[in-house]
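Here's the letter readout for the chains.
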Amino acid sequence: MRSMEEFAMEEAALPSAPGEAEHPALALANSAVALPGGHTADLLSTPARAEQWLAQRDLAPDGAGLAEVCATQLRSLREQVRSLLASRVAGQPALPAAVTAINDAMTRVPTASLLLWDEKTGPYRATPHPTTAIVEHALAVIAADAADLLTSPDAPRLTACASPPCNRFLLRHGRRQWCSTRCGDRARAARAYARRTAMD
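Described in the following lines is the structure provided in the data block.

Parameters at a glance
- Residues numbered from 1 in each chain as written.
- Predicted model: local features only at pLDDT ≥ 70, side-chain atom pairs only at ≥ 80, totals over all residues.
- Heavy atoms only, no water.
- Helix = DSSP H or I, 4+ residues; strand = E, 2+ residues; numbered from the N terminus.
- Contact = heavy atoms within 4.5 Å.
- Areas by Shrake-Rupley, 256 points an atom, 1.4 Å probe, with all protein chains shown as cover.
- Buried < 20%, exposed > 50% of the residue type's maximum accessible area, 1.4 Å probe, protein only.

**A few points about the overall build of the protein chain**
Part 1: Tallying secondary structure elements over the protein chain gives seven helices and six strands in all.
Part 2: Walking the protein chain from its N terminus toward its C terminus, one meets helices and strands in the order α-α-β-β-α-α-α-β-β-α-β-β-α.
Part 3: Sequence separation of at least 24 residues holds for 54% of the intrachain contacts in the protein chain that already meet a minimum separation of 6.
Part 4: As displayed, the protein chain offers around 11200 Å² of accessible surface, 58% of which is attributable to carbon and sulfur atoms.

Dropping the structure here:
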């Protein structure tokens, strides 16, 4: 019997679902994965894992020292993004709380490029996001990406993986309905098994 850590490591090794490389919001939504046998793998389960996930996407520096409250904020945004993606895929109205959460995350950090003055080099402009606001800045980037994805020409290509129990989302290319080759193989095997048992 495999441990939960082995399941988590196996899932972490999964290739990105189509669209994740271009959309951090899609990657965030897919960071908690349902696995066969009723198991799940959460790539944000601890502050260290959440920090690693952010650093891999250039949303936080290595060694940022995320606290549990930061990981909780990230997991909370994940649930709101998943809700919005599920609503879009199902063609249903979004939950107002999910829309509010995305808008709140986008507006929580300053976006104006402020005037700053260096004693040696003089005036310059920069958008401040001090290390104390690393997570807020990452949440704002992800929330803006979610809003962009949901309103972009790519939105009609958004779909859920068609291989239960997988709960990942992807941007469909052609007829592909699976987030990974493994899920595609599992779905084909399940169909073949169903055909064989129907003939018996």
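There is more to say, and it comes next.
**With respect to unusual backbone geometry**
Part 1: With an omega dihedral of 5°, the bond running from Pro164 to Pro165 counts as a cis peptide bond.
Part 2: Tracing the chain through its elements places Pro165 in the loop between strand E5 (158–160) and strand E6 (169–171).
Part 3: At Asp58, a position not held by glycine, the phi torsion is positive, near 55°.
Part 4: In this structure, Asp58 sits in the loop between helix H3 (47–56) and helix H4 (68–90).

**Thoughts on the environment of Ser87**
Part 1: Note on placement: Ser87 falls in helix H4.
Part 2: On the accessibility criterion, Ser87 (11% relative accessible area) is buried.

**Section: the environment of His173**
Part 1: Tracing the sequence through the fold places His173 in the loop between E6 and helix H7 (181–199).
Part 2: Judged by its relative accessible area of 48%, His173 falls in the partly exposed class.
Part 3: Considered as a pair, His173 and Gly19 are 154 residues apart in the sequence and their alpha carbons are 9.5 Å apart.

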